[in-house]
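For reference, the chains in residue letters:
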Amino acid sequence: MRTGIFYYYQKGERLRDFPQALKGILEKENVFFYDAFYPSKPPSSFEVDPISSEILHQVHSQELVEEVIQTGNFEGALFSATGTVRAAEKIWMGEINNAFVFTGYGDHHAGTIFFGGGCYFNGAAIAIRTLRKRFGAKRFAILDTDAHHGDGTWEIFEADPDVLYVCFCSDPNLEKNNKVNIQVPHRVTDEEYLGIVRNNFFRVMAFQPEILFWNWGYDGTQGDYGDIGLTPHFHILLAKELKEVANKICRGRFIVVLCGGSRRDLARTLIPKLIGVISGE
Ligand SMILES: [Zn+2]
Ligand SMILES: [Zn+2]
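Residues numbered from 1 in each chain as written. Chains lettered and ligands numbered in written order. Predicted model: local features only at pLDDT ≥ 70, side-chain atom pairs only at ≥ 80, totals over all residues. Heavy atoms only, no water.

### Concerning the coordination of the zinc ion (ligand 2)
Those donors, His-149 (ND1), Cys-167 (SG), Cys-169 (SG) and Asn-181 (OD1), are the protein atoms that reach the zinc ion (ligand 2), and they lie 2.0 to 2.2 Å from it. Taken together, the four donor atoms surrounding the zinc ion (ligand 2) define angles of 91 to 126° at the centre, an arrangement classified as tetrahedral. Read in sequence order, the donor residues for the zinc ion (ligand 2) give the motif H-x17-C-x1-C-x11-N. Of the two residues, His-149 sits in the loop between β4 (140-144) and α5 (151-156) while Cys-167 sits in strand β5 (residues 163-169), which places them 18 residues apart along the sequence. Here His-149 and Cys-167 have matching classes, each one buried. (Donors = N, O, S within 2.8 Å, 3.2 Å for Na, K, Ca; no water. Tetrahedral: all angles 85-135°; square planar, octahedral: opposite > 155°, others 65-115°. Helix = DSSP H or I, 4+ residues; strand = E, 2+ residues; numbered from the N terminus. Buried < 20%, exposed > 50% of the residue type's maximum accessible area, 1.4 Å probe, protein only.)

As structure tokens, then:
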């Protein structure tokens, strides 16, 4: 199993310990580190080209792109989405089997014509449309365990039965055109939440996607801004199970996209462990 780490654009407090915190992982023979931004070079020098506006427009309107430019966060948003798109392409081409994508700005609140909640572009959605267009890929699944509802992802794929989206959040249960919302109580134990996710594995198994995306937010962990009572260990347990699901149904094609969560200490300890799991520790 070859694992790609996509680290295109990072700033801010929560990821301040990276990439140093990946020591021991980056040295592994089956781990490939894709970086675009080197602090020693001018900020404009990137090793990897960002996705083009044509690719962005596969999902987002020109008006949205212009609004994002006005926020001053365009570059970070672009490189965050770029990480997910490049991960998907490299998995499809067989260069790597799975990936972890560091993002400066998340995914799932960004829709066709709207954005919010720290999400500007929807990387998973852009990656899916890119795989479809470039490689003729057909069926995709996204599991979302960020504490909040992925309104952007839901809207983008609302009319698209070939994308299974299962969102676990506090919104009521709903199922429509392979878009599924599963309500999670406001307080849960690790075991309760794991049970809820496991009870929905059958959906992914039955759907038979060619690649599995995991919108991984850790904001639901105790002490973070979406606290629903989870301990840090929950995320590692879930990562192990999702990796197994991907191995069974889609030849291990699995992309973990970092979403919500603000605690720096959790990022520092959880992310290396999680990459350890997907890279076969
Ligand atoms: Zn969230
Ligand atoms: Zn939801």
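### Some thoughts on the coordination of the zinc ion (ligand 1)
The zinc ion (ligand 1) binds to the protein through Asp-146 (OD), His-148 (ND1) and Asp-219 (OD), with metal-donor distances spanning 1.9 to 2.1 Å. Between the donor residues of the zinc ion (ligand 1), the gaps in sequence give the motif D-x1-H-x70-D. Taken as a pair, His-148 in the loop between β4 and α5 and Asp-219 in the loop between β8 (211-216) and α8 (232-249) lie far apart in primary sequence, 71 residues in all. For His-148, a relative accessible area of 31% translates into the label partly exposed.

### Description of the packing of aromatic side chains
Inspection of every chain in the model, using the stated rule, returns 17 aromatic pairs. Members of the aromatic cluster, joined through ring pairs, are Tyr-7, Phe-18, Phe-33, Phe-100, Phe-102, Trp-214, Trp-216, Tyr-218 and Phe-254. Sitting over the face of the ring of Trp-92, Arg-253 holds its NZ or CZ atom 4.1 Å from the ring centroid. (Phe/Tyr/Trp six-rings, centres within 6.5 Å; stacked < 30°, edge-to-face > 60°. Lys NZ or Arg CZ within 6 Å of the ring centre and 35° of its normal.)

### A short note on the packing of helix α6 (residues 190-198) against α8
Running from N to C, α6 and α8 point in directions that differ by 25°, and their axes come no closer than 10 Å. Considering the angle they form, α6 stands roughly parallel to α8. Regarding α6 and α8, the two cross each other, and that crossing is right-handed. On α8, the residues that touch Asp-190, Tyr-193, Leu-194, Val-197 and Arg-198 of α6 are Phe-234, Leu-237, Leu-238 and Glu-241. Along the lines of polarity and charge, the residues of the contact of α6 with α8 split into six nonpolar, no polar and three charged. (Axes fitted to C-alpha atoms, helices over the stretch in contact; angles between N-to-C directions. Parallel < 35°, antiparallel > 145°, perpendicular 65-115°, else oblique. Left-handed = near helix turned anticlockwise from the far one by under 90°. Contact = heavy atoms within 4.5 Å. Nonpolar A, V, L, I, M, F, W, Y, C, P; charged D, E, K, R; others polar.)

### A short note on the side chain of Thr-3
Summarising the element assignment, Thr-3 is placed in strand β1 (residues 3-7). Reaching out from Thr-3, the side chain makes a polar contact with the backbone oxygen of Ile-278 at a distance of 3.5 Å. The residues contacting Thr-3, other than those within four sequence positions of it, are Asn-30, Val-31, Phe-32, Ile-96, Asn-98, Ile-278 and Ser-279. (Polar contact = N/O pair within 3.5 Å; in protein donor to acceptor, adjacent residues only side chain to side chain.)

### With respect to the pattern of salt bridges
On inspection of all chains with the given rule, the structure shows 16 salt bridges. Across the pair Arg-268 and Asp-17 runs a salt bridge whose closest N-O atoms are separated by 3.1 Å. Here Arg-268, found in helix α9 (residues 264-278), pairs with Asp-17, found in the loop between β1 and β2 (31-35); they are 251 residues apart in sequence, far enough to count as distant. For Arg-268, a relative accessible area of 38% translates into the label partly exposed. Among the salt bridges present, the one from Asp-160 reaches Arg-132, with a minimum N-O distance of 2.9 Å. Of this pair, Asp-160 sits in the loop between α5 and β5 while Arg-132 sits in helix α4 (residues 123-135), placing them 28 residues apart in sequence. Linked through salt bridges whose partners overlap, the residues forming this network are Glu-13, Arg-16, Asp-17, Arg-264 and Arg-268. (Salt bridge = Lys/Arg side-chain N within 4 Å of Asp/Glu carboxyl O.)

### A few points about the sheet that holds β1
If you walk across this open sheet you meet the nine strands as β2-β1-β3-β9-β8-β4-β5-β7-β6, and the pairing is mixed. Of all the strands in the sheet, just β2 and β6 (174-176) have a single pairing partner and so form its edges. Direction aside, neighbouring strands of the sheet carry axes that sit 15° apart on average. Where β4 meets β8, five bridges bridge the pair, whose relative direction is parallel. Paired with Ala-141 across the strands is Leu-212, a residue of β8. (Pairing = 2+ DSSP bridges.)

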